[in-house]
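Architecture at a glance
Single-letter residue listing:
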Amino acid sequence: MLFWIIVIALVALVAYVRLAPIEAARWHVQAEGQKMGKTQAANSYIWRAPVEGDEAETLAKLDRAIMQTPRTEVVAGSLAEGQVTYVTRTKLMGYPDFTTIGVYGAGPRYIEVYGRSRFGRSDLGVNAKRVNAWLAQVEAR
């Protein structure tokens, strides 16, 4: 009997992770602070840099790289708005990681990529790895 209770609890947990509604307003936000460079926390990663050249084109290149990532879709925003939030789910369990990109600031203007996990205390560096891979793709173009 205990075995079946554990199995049912695990199935319920997996279902919740995959099916929990996404509150777009909660995730479609800019990171706090304005420190340039890379900032890594337990379950988030922030990359900021001054915008060089056309900011709309820079966001579009980043958007193309992000949308090529498997299991990734737009949650809120658009390139026209200057801020887009995406959800990328892990392959096995479907854990959602949220990434918001945008151009902010008055002087100087800067681009920000803000990746974070919804569940858990640590993302084991997954967001940093994903964001850095996207940035490498953009620089290679």
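This text follows the structure it describes.
Residues numbered from 1 in each chain as written. Predicted model: local features only at pLDDT ≥ 70, side-chain atom pairs only at ≥ 80, totals over all residues. Heavy atoms only, no water.

1. A look at the pairing of strand β1 (residues 37-40)
Using the following cut-off: Here, any two strands with at least 2 DSSP bridges between them count as paired. Helix and strand labels come from DSSP, where a helix needs a run of H or I of at least four residues and a strand needs a run of E of at least two; each type is numbered from the N terminus.
Looking at chain direction, β1 and strand β2 (residues 44-50) are connected through 4 bridges and run antiparallel. Pairing of Lys38 across the sheet is with Trp47, part of β2. Taken together, β1 and the strand that follows it, β2, pair antiparallel across an intervening segment of 3 residues.

2. So, the side chain of Asp97
What counts here: Two N or O atoms count as a polar contact when they lie within 3.5 Å, although within protein this holds only if one can serve as hydrogen donor and the other as acceptor, and sequence-adjacent residues are included solely when both atoms are side-chain atoms. Residues count as neighbours in contact if any of their non-hydrogen atoms are within 4.5 Å of one another.
Following the sequence through the fold, Asp97 ends up in strand β5 (residues 96-104). At 3.2 Å, the side chain of Asp97 forms a polar contact with the side chain of Arg130. When sequence neighbours within four positions are dropped, the list of residues in contact with Asp97 reads Tyr86, Val87, Thr88, Arg116, Ser117, Arg118, Val126, Asn127 and Arg130.

3. Things to note about the sheet that holds β1
Stated formally: Here, axes are lines fitted to C-alpha atoms. For helices the fit covers the stretch in contact, and angles between N-to-C directions go from 0 to 180 degrees.
Spatially, 6 strands are ordered β1-β2-β6-β5-β4-β3 in an open sheet, and the strand pairing comes out antiparallel. Strands at the two margins of the open sheet, each flanked by one partner only, are β1 and β3 (72-78). Ignoring strand direction, the axes of neighbouring strands in this sheet form an average angle of 15°. For strand β4 (residues 83-89) and β5, the ladder comprises 7 bridges, and the chain directions are antiparallel. By the bridge assignment, Tyr86 is partnered in β5 with Thr99. Of the strands in this sheet, β3, β4, β5 and β6 (110-117) are in contact with helix α3 (residues 55-67), which crosses β5 at around 170°. Packing against the sheet, helix α4 (residues 126-140) makes contact with β1, β2, β4, β5 and β6, and its axis sits at approximately 30° to β2.

4. Points about the nonpolar core
The nonpolar side chains of a soluble globular protein tend to be buried with one another. Where we set the bar: Only buried Ala, Val, Leu, Ile, Met, Phe, Trp, Tyr and Cys residues count toward a nonpolar core, and they belong to the same one when joined by side-chain atoms within 4.5 Å. Each residue is placed in one exposure class: buried if its accessible area under a 1.4 Å probe, protein chains only, is under 20% of its type's maximum, exposed if it is over 50%, and partly exposed if it falls in between.
Ranked by internal contacts, the top residues of the largest apolar core, which has 19 residues, are Trp47, Leu62, Ile101, Ile111, Val113 and Val131. At the level of secondary structure, the elements contributing two or more residues to this core comprise β2, α3, β4, β5, β6 and α4. If you tally residues by element for this core, the top one is α4, at 5 residues.

5. So, the environment of Glu57
Looking at the secondary structure, you find Glu57 in helix α3. Looking at Glu57, the relative accessible area reads 34%, which means it is partly exposed. When the C-alpha atoms of Glu57 and Tyr104 are compared, they prove to be 15 Å apart, with 47 residues separating the residues in sequence. A polar atom in the side chain of Glu57 sits 3.3 Å from the side chain of Arg64.

6. Comments concerning the pairing of β3
Strand direction decides the pairing type here: β3 and β4, joined by 6 bridges, are antiparallel. Residue pairing in the sheet places Ser78 in a bridge with Gln83 of β4. Once β3 ends, the chain turns through 4 residues before running back antiparallel as β4, passing Gly82 with a positive phi of about 85°.

7. Digging into the side chain of Thr72
By secondary structure assignment, the location of Thr72 is in strand β3. Polar contacts involving the side chain of Thr72 include one to the main-chain carbonyl oxygen of Thr69, which spans 3.2 Å. At 2.9 Å, the side chain of Thr72 forms a polar contact with the side chain of Thr88. Setting aside its immediate chain neighbours within four residues, Thr72 contacts Ile66, Met67, Tyr86, Val87 and Thr88.

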